[in-house]
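# Summary of the model geometry
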Amino acid sequence: EVDINAGMLNLALFLTYSMVMAIQDDACDEHNTQIVSGKFPVSNACGQYGLSYQDIRCTAVDKDKECPLDPNQSFSAVTRALYDRAPQPFKCAPKSQYPVTGYWDDRRIEENHQTAFSNELGRTDVEGCCWWGRGVLREVTRGRCSFGKMNYYIGKRAAEDGRPSLYPNVDFCEFPEAICASEFSNELRWVSGMFQWVMDVQPYNRNGFNYIEKIKEIATDISHGGALDSSFFLDVDCILKTGSVKCDQAIDITETMENLVSAMFDFKLPTLSPTRTTNPSNSPTDLPTVSPSTSPSYSPSATVAPTGSPIIFAYPSEEFIGAIIEDMLTKQVAIEQKILIPSNSEEPSFYSFDGFLESIKIMADGTVPGKYFYVGHDKPTNRELKKRALVNIALFLAHTKTVAVQANICDEQNVDRVNNKLPLSNACGQFGESYQDLRCPHASESFMECPPDPNMQMIAVVKGENSEGSVPPFFCGPKQYFPFTGYYDADTNEILNESPSKNRAGRSDVSACCWWGRGSAQVKGVCMYGKLNYYIGARAAAEGRRSLYPDIDFCRNPSQICSGPYAFTLMWITGMFVWIEQVQEDSTYSELLDNFVSNSLPVDDRRLVDHVSEVLDGGRNKDERYENFLSSLDALGVNVLLSQDEK
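This text gives an overview of the structure that appears in the document.

What counts as what
- Residues numbered from 1 in each chain as written.
- Predicted model: local features only at pLDDT ≥ 70, side-chain atom pairs only at ≥ 80, totals over all residues.
- Heavy atoms only, no water.
- Helix = DSSP H or I, 4+ residues; strand = E, 2+ residues; numbered from the N terminus.
- Buried < 20%, exposed > 50% of the residue type's maximum accessible area, 1.4 Å probe, protein only.
- Pairing = 2+ DSSP bridges.
- Disulfide = S-S within 2.5 Å.
- Polar contact = N/O pair within 3.5 Å; in protein donor to acceptor, adjacent residues only side chain to side chain.

## Brief notes about unusual backbone geometry
Glycine aside, residues mostly have negative phi angles, and peptide bonds mostly take the trans form. Within the chain, Asn408 stands out as a residue other than glycine whose phi angle is a positive 55°. Within the secondary structure, Asn408 is located in the loop between helix H11 (383–405) and strand E8 (422–423). Despite not being glycine, Gln522 shows a phi value in the positive range, around 55°. As for its placement among the helices and strands, Gln522 is situated in the loop between strand E14 (494–496) and helix H12 (526–536). Judged by relative accessible area, Gln522 falls into the buried class, the value being 9%.

## Notes on the sheet that holds strand E5 (residues 110–112)
Ordered by their spatial adjacency, three strands build an open sheet running E1-E4-E5, and the pairing between neighbours is antiparallel. Where the open sheet ends on each side, the last strands, each with one partner, are strand E1 (40–41) and E5. Relative to strand E4 (residues 103–105), E1 runs antiparallel, the two being bridged by two bridges. In the strand pairing of E4, Phe40 is matched with Trp104.

## What to know about the state of the cysteines
Considering all chains together, one arrives at 11 disulfides under this definition. Paired by a disulfide, Cys450 and Cys555 hold their sulfur atoms 2.0 Å apart. Disulfide Cys450-Cys555: the torsion about the S-S bond is -80°, which places it as left-handed. With a gap of 105 residues between them, Cys450 in the loop between E8 and strand E9 (458–459) and Cys555 in the loop between helix H13 (538–542) and helix H14 (560–563) connect regions that are remote in the sequence. Of the two residues, Cys450 and Cys555, both sit in the buried class.

## Some words on the side chain of Thr402
Inspection of the secondary structure puts Thr402 in helix H11. On the basis of relative accessibility, which here comes to 12%, the residue Thr402 falls in the buried class. At a separation of 2.7 Å, a polar atom in the side chain of Thr402 contacts the main-chain carbonyl oxygen of Ala398. Within the structure, the side chain of Thr402 is placed 2.9 Å from the side chain of Asn628, a separation counted as a polar contact.

## Observations regarding the sheet that holds E8
Spatial strand order, E8-E13-E14: three strands in an open sheet with antiparallel pairing. The sheet terminates laterally at E8 and E14, the two strands that pair on one side only. Note: E8 against strand E13 (residues 487–489), two bridges, orientation antiparallel. By the bridge assignment for E13, Leu422 is matched with Tyr488.

Given below as structure tokens:
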């Protein structure tokens, strides 16, 4: 019983630190909290309170395990402080993208990079500064040693070295943000903390202090009515933060520990101290605070169907939605193996089957008034309607595989070579398009558009690996910081910014160019992001209408699609929204789909899929989309249904 109590006390102590370091702030990434000369420096990402995170190295014994320093790493954190006007999430990027960094201007609610502004240690850039804290023990899970050890023992390096690995496809050195922004992030937030605890706290046995023996003694003591020993907790705090049993600035967590122990144990502790709140404040937040609803507050009716929708896309019945969901579940393996697998099959996919299925539930039943991702209507026994639904789904999946799933990307990648170069200004538009000029085609919808903001500044979440090499991610920023941009040289793997390099539309800057493609269908342009905001984002909530994501402003922060807490669902939901808007509401598509199904046309009749290609990208990827359509039909069993009609 003593060992059980000691184990529970150890767990309670770990949970206490998790509460203090992360849970009470509802956070995964470390936040920008240190004020220097009255400001929050952007370069605090490199280290706060006198620390330089990239210089938190391993001792000589573990030197081979630490992460190498990569000046070309570029990504952003996904969580930030919840209070009003809090600084933006941390980011890291090479000096070619941010020659200098400034500070967070809480009056203008934006980063000011007009002049260099240093952190406490004098840093005025964020190159190589990707090692901020993450996970439930984010105050200590930081630095090149911590992430390197995770990679060595439970990450990609373990697998490459032929050792057992919990996450063989997660490279914690190349992308430490996987703890907070990957398909495994819900568990990695905990696993990273437990890994730190197991490596640093539990085995501690130096200078007469044996952690395991001490915790056994305290468990025995409090089981007999003794009080919690605050000196023990001060010692543990020092071990966790400095690796030594004694330090100058230990924090006493006894009060929080008392509350947790009394909840977990049947111990009779002495009178407890007054409870300390562990909830975040109710200040406004830029992150969603509620999960999106998956059922409408009213029954869908014909009165909310969009007036411009083709008649074959009538509103669905709950019975039909349930039948399609069941059908998808029976084909999960085929869908995952033939559609949702990246071209590099060793990579974990951004696009999960669970996210796809959850998004169908949300987008098919009228949760977004007047917007229905078509999965059939009337009775599930109507075989022709079921075929129509499955062909619509197959075409959608073929499109997502073509533009995002196969390459395993969320943010659009720089692929359009101009004069054998990849201009950085391709962020403004590729293949002759200008994304900020992708306006709503109908004047009656122009009020939904996002206003182009020349002061917007952001960077794509993850850089792309393609045939061109390690291509830098898209970024946007005002002309005062980036008067012009150069190009990426794939041969030398470097960014050359000595002179302007124009994209195909003639742009050489990246001002107001934050509207590149994102998600499963690569939503892009001021019209489509504006519609997302109007129907499912912050604008819907602000105007008193129902909103799936009331705290996400798709006009001010479109990057939430790829990096927010709901990203793995939003990647699918935004894709289905694009499909509804651009494909299902196209009358020719309606006619071709009806003809394809009703007349049981052979699958080599390309008129339907080629029309979809014309609508979505001017036919640029029509051959690849057709091949993926065949794979999707096969995975969904639609080719079997069609051939049965031909018999």
